[in-house]
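These are the residues of each chain, in order.
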Amino acid sequence: MRLRDFVIIAAVLLFPFVPSASAATAAGSSGKATYVLTPGQTTDIDTLAATLVAEGVEVVGLLGEVGRLIVNTERDVGELLVLPGVEAVRPSIGLIPSLSESTHVVESDVAADLGYTGAGKAVVVIDSGVETSHPALAEAVIHEACFLHGTAGGVCPGSGEVSGVGPGSAAPCVSSAVRCAHGTHVAGIVASRDDNRPGVARGATIIAIRVMAENGSIGSAGVLAALDHVASLATSYDIVAVNMSLGTFRNPCTDPDMSAAVAGLADLDIAVIAASGNGPFTAVAYPACLPGIIAVGSSELEGAGRIVSDFTGYEGDLDFVAPGRSIESTVTAAEDPTGFAQKTGSSMAVPHLAGALAGLVDLLPGLRLLVAEVLQAVRQEVHVGLGPLASSLGLQ
């Protein structure tokens, strides 16, 4: 099989989807609400932070890459907007994990046989944490961080603070065996080293970032802090994609702060991929519905073919579908002593695309195509036939 064949297979099976036919504010600590603040054009975040502290506002995050601050306060939006140097105030939004023989379906086994495993590439998993002691993941995780802003008093492992960076900081929560194993399951779909249950990009590495507190809550402010941290790592690691298997439903789907962070990562050639969501709503979930984020839904077998799973959010901007039902992958020992279990949901579909991207970039080390160009080529592939894709990749 030629190199071109793997690219074509990946393009066809991770296909763009064309359909046939508001969350509560997450609370901060001590009953305070969590907000994301944008400084005015003539005010930098350090100056605004000093102003806020002088006004008695608790500053819990300085996001230097995206230029935002995260605060916990009892004040309302109107009271914050009148403070000197504040241009915009937006509440943190509560999110949840999008959970409701797949590597063969996306042909990553073929790619691995050809030697393209995503080696040297990194995928970021923003989730409930990753069990780094798992035998199939122990060599995969290369960096850990934790951001629990907007999770009602959540504290990170090791630091005892709302954020933390370093070994052990992304250790999974322990309050719920099933819920807390979510991030470990996602990481395994991307890069499991297990011979019998290999990940889509078994040679790729994982940057694990925990955003889920022990009570199961996730704040959009914490996710924003995680994205800001990813941008700061771009010079240290060859990051191909950010995997966000989480979300909620929001109408209208807007978030200027997260959109700014996603745009900044796009400038660094890092794709941000999120779950399209699971029922009962049919609309694509937030943040997958935001411009610049690649929304991925679930597909499954039916007879000899594949269909879109009935629980997948699809109305709006659904970009791709990938296997998402009964996916076996790594889990924490607390969920299953064997270290493996099946899960279903659009959460499981997202890492199939994230891993496939790592494999595609690995496949072309000489050309080192930008991730954005690869995605555009894959999207065009379904509409204009096989030839243009192979030609655009220089393989014909």
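In what follows, the accompanying structure is described. The shown structure was predicted, so the numbers you read here are calculated from the model rather than taken from an experiment.

Calculation rules
Residues numbered from 1 in each chain as written. Predicted model: local features only at pLDDT ≥ 70, side-chain atom pairs only at ≥ 80, totals over all residues. Heavy atoms only, no water. Helix = DSSP H or I, 4+ residues; strand = E, 2+ residues; numbered from the N terminus. Buried < 20%, exposed > 50% of the residue type's maximum accessible area, 1.4 Å probe, protein only. Areas by Shrake-Rupley, 256 points an atom, 1.4 Å probe, with all protein chains shown as cover. Pairing = 2+ DSSP bridges. Contact = heavy atoms within 4.5 Å. Disulfide = S-S within 2.5 Å. Arc of directions from axis to C-beta. Polar contact = N/O pair within 3.5 Å; in protein donor to acceptor, adjacent residues only side chain to side chain.

**Here we look at the overall build of the chain**
A tally of regular secondary structure across the chain gives twelve helices and 18 strands. The buried share of the chain, taken over its 396 residues, is 57%. Summing over all exposed atoms, the chain offers an accessible surface of approximately 15,100 Å²; the carbon and sulfur share of this is 52%.

**Thoughts on the pairing of strand E2 (residues 58-63)**
Where E2 and strand E3 (residues 68-73) come together, five bridges link them in antiparallel fashion. Considered in E3, the bridge of Gly61 is made with Ile70. If you look at the hairpin formed by E2 and E3, you'll find four residues sitting between the two strands, and Gly67 has a positive phi there, around 75°.

**Section: the environment of Phe281**
Within the element layout of this structure, Phe281 appears in the loop between strand E13 (271-275) and strand E14 (294-302). Phe281 gets classed as partly exposed once you look at its relative accessible area, which sits at 48%. If near-sequence neighbours (up to four positions away) are discounted, Phe281 is found in contact with Phe249 and Gly313.

**Considering the state of the cysteines**
What makes a disulfide is a covalent bond joining the sulfur atoms belonging to two cysteines. Following the criterion strictly, the structure yields three disulfides and no others. Covalent S-S linkage joins Cys173 and Cys180, the inter-sulfur distance amounting to 2.1 Å. What sets the handedness of the Cys173 and Cys180 disulfide is the S-S torsion sign, and at about -115° it is left-handed. In this structure, Cys173 and Cys180 share a single accessibility class: buried. Linked covalently through their sulfurs, Cys253 and Cys289 form a disulfide whose S-S length is 1.8 Å. An S-S torsion of about 80° defines the bridge between Cys253 and Cys289 as right-handed. With a gap of 36 residues between them, Cys253 in the loop between strand E12 (246-247) and helix H9 (256-267) and Cys289 in the loop between E13 and E14 connect regions that are remote in the sequence. We classify Cys253 as partly exposed; its relative accessible area is 22%. By relative accessible area, Cys289 is classed as buried at 13%.

**Thoughts on helix H2 (residues 45-54)**
Restricting attention to buried positions, one finds in H2 the residues Ile45, Leu48, Ala49 and Leu52. The buried side chains of H2 occupy one side of the element, clustering within an arc of 105° when seen end-on. Those residues of H2 that are exposed and angled more than 90 degrees off the buried face are Asp46 and Ala54. The residue sitting at the N-terminus of H2 and contributing the capping side-chain oxygen is Asp44; that oxygen lies 3.2 Å from the backbone nitrogen of Asp46. Gly56 occupies a position one or two residues after H2 and carries a positive phi of about 85°.

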